[in-house]
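What follows is the residue order along each chain.
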Amino acid sequence: VTLNSIISQAAVVNATKSLTTTADNIEKTITNIGTVNLNVGTLAQTITGSGTTVIDGDVALNTIISQATVVNTAKSLTTNADNIGFALTNNGTVNLNGGTLAQTISGSGTTAIGGDVVLANNLTNQNIEITNGSLIANSTTDYIGNTNNLTITNNGILDLSSDDKTINTVAVNNFPIDNSAT
């Protein structure tokens, strides 16, 4: 179903079914057992269930998504890391503006750090850009693995040590540092 109007009551997307809409149209909680495709907008309501949320546009997230989420190629998700409540496959861009990343982000995309983000899980197969703020290792972080590019610009900080543990592995193919802004 493609929806062009507002969902003003709680809704369920059944297994093998899909709902395509702008994030702004969702005004109540969605229980998703199928697929919810968000093509643009700001999501302010919770999506739960065993289904998958697919980001197929430029979407901002102001609430928790507690299910598998996929960011498609050339698409973006902007959120606080605390709002990622389940493993995320990122083939586009995930912009994190703060919080604690407790879930794995994998895929072939870019994770951009634009605030202070505590890394409490692993980032794999991502390009990582720290443009402002910092990416801080947590005691549960084991690695930043198979990273294609790690870019630090402006006043970005990569803090790989915590009080009780250091990251075991940082695998980076390309590591440019731009100090031109300092």
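It should be noted that the structure appears before, not after, this text.
J.: What exactly am I supposed to notice about the sheet that holds strand E5 (residues 47-48) here?
T.: Backbone-to-backbone hydrogen bonds pair the strands of a sheet. The strands run either parallel or antiparallel. The sheet built from three strands is open, its strands ordered E1-E3-E5 with parallel pairing. Where the open sheet ends on each side, the last strands, each with one partner, are strand E1 (11-13) and E5. As defined by bridge partners, strand E3 (residues 30-32) adjoins E5 across two bridges and the pair is classed as parallel. In the sheet register, Ile30 faces E5, and the bridge partner there is Ile47.

J.: Sorry if this is basic, but what is going on with the sheet that holds strand E19 (residues 157-159) here?
T.: Spatial strand order, E11-E14-E17-E19: four strands in an open sheet with parallel pairing. The open sheet is flanked by strand E11 (99-101) and E19, the only strands paired with a single partner. This sheet shows a mean twist of 20° between the axes of neighbouring strands, independent of strand direction. Across three bridges, the pairing between E11 and strand E14 (residues 116-119) is parallel. Bridged to Leu101 within E14 is Leu119.

J.: Explanation requested: the environment of Thr16 in the structure shown.
T.: Among the structural elements, Thr16 can be located in the loop between E1 and strand E2 (18-21). Residue classification places Thr16 among the exposed residues on the basis of a relative accessible area of 78%. It is 9.1 Å that separates the C-alpha atoms of Thr16 and Gly51, two residues lying 35 residues apart in sequence.

J.: In this structure, what is going on with the environment of Thr93? I would like to understand it.
T.: Inspection of the secondary structure puts Thr93 in strand E10 (residues 93-96). A sequence separation of 15 residues divides Thr93 from Thr78, and the C-alpha atoms of the two residues are 8.3 Å apart. Those residues within four positions of Thr93 in sequence are excluded, and the remaining contacts are Val71, Lys75, Ser76, Leu77 and Thr110.

J.: Before we go on, may I ask you to explain the nonpolar core in this structure?
T.: Where a protein is soluble and globular, its nonpolar side chains tend to be buried together. Leu38, Leu43, Leu96, Leu101, Ile105 and Leu135 are the most contacted members of the largest nonpolar core, which totals 34 residues. Of all the secondary-structure elements, those providing two or more residues to this core are strand E4 (35-43), strand E6 (52-61), E10, E14, strand E16 (127-130) and strand E18 (143-152). Contacts of Leu135, omitting those with residues within four sequence positions, involve Ile113, Val117, Leu119, Leu123, Ile128, Ile130, Ile144, Ile157, Leu158 and Asp159.

J.: What should I look at first to understand empty space enclosed by the protein in this one?
T.: With the rule as written, the count across this model stands at one cavity of 30 Å³ or more. Computed from the structure, the largest cavity encloses a volume of approximately 50 Å³. Every residue lining the largest cavity is listed: Leu61, Ile65, Gln67, Thr69, Leu77, Asn83, Ile84, Gly85, Phe86, Ala87 and Leu88. The class makeup of the residues in the lining of the largest cavity is seven nonpolar, four polar and no charged.

The rules behind the values
- Throughout this description, residue numbers start from 1 for each chain and increase along the sequence as written.
- Selection of residues for local features in this predicted model requires a pLDDT of at least 70, selection of side-chain atom pairs for listing and counting requires 80 or more, and totals for whole chains, interfaces and linings are taken over all residues.
- Water and hydrogen atoms were dropped before computing side-chain values, which therefore reflect all heavy atoms in the structure.
- Here, a strand pair is defined by DSSP locating no fewer than two bridges between the strands.
- Where helices and strands are cited, they refer to DSSP runs of H or I of at least four residues and of E of at least two residues respectively, numbered from the N terminus.
- Axes here refer to lines fitted to C-alpha atoms; in helices the fit is confined to the stretch in contact. Angles between the N-to-C directions go from 0 to 180 degrees.
- Per-residue accessibility, obtained with a 1.4 Å probe over protein chains only, is compared with the maximum for each type, and a residue is labelled buried under 20%, exposed over 50%, and partly exposed between these values.
- In this description, contact between two residues means that some pair of their heavy atoms is separated by no more than 4.5 Å.
- Grouping buried Ala, Val, Leu, Ile, Met, Phe, Trp, Tyr and Cys residues that are joined through side-chain atoms within 4.5 Å yields what is termed a nonpolar core.
- Here the term cavity refers to a set of points on a 1 Å grid, laid over the protein atoms alone, in which a 1.4 Å probe fits but cannot get out; the term pocket refers to an open set having protein on both sides within 12 Å along at least five of seven lines, with lining residues being those that place an atom within 4 Å of a point.
- Grid points are joined across faces, edges and corners, and a volume is the space filled by probe spheres set on the points.
- Here the nonpolar group is Ala, Val, Leu, Ile, Met, Phe, Trp, Tyr, Cys and Pro; Asp, Glu, Lys and Arg are the charged ones; every other residue, Gly included, is treated as polar.

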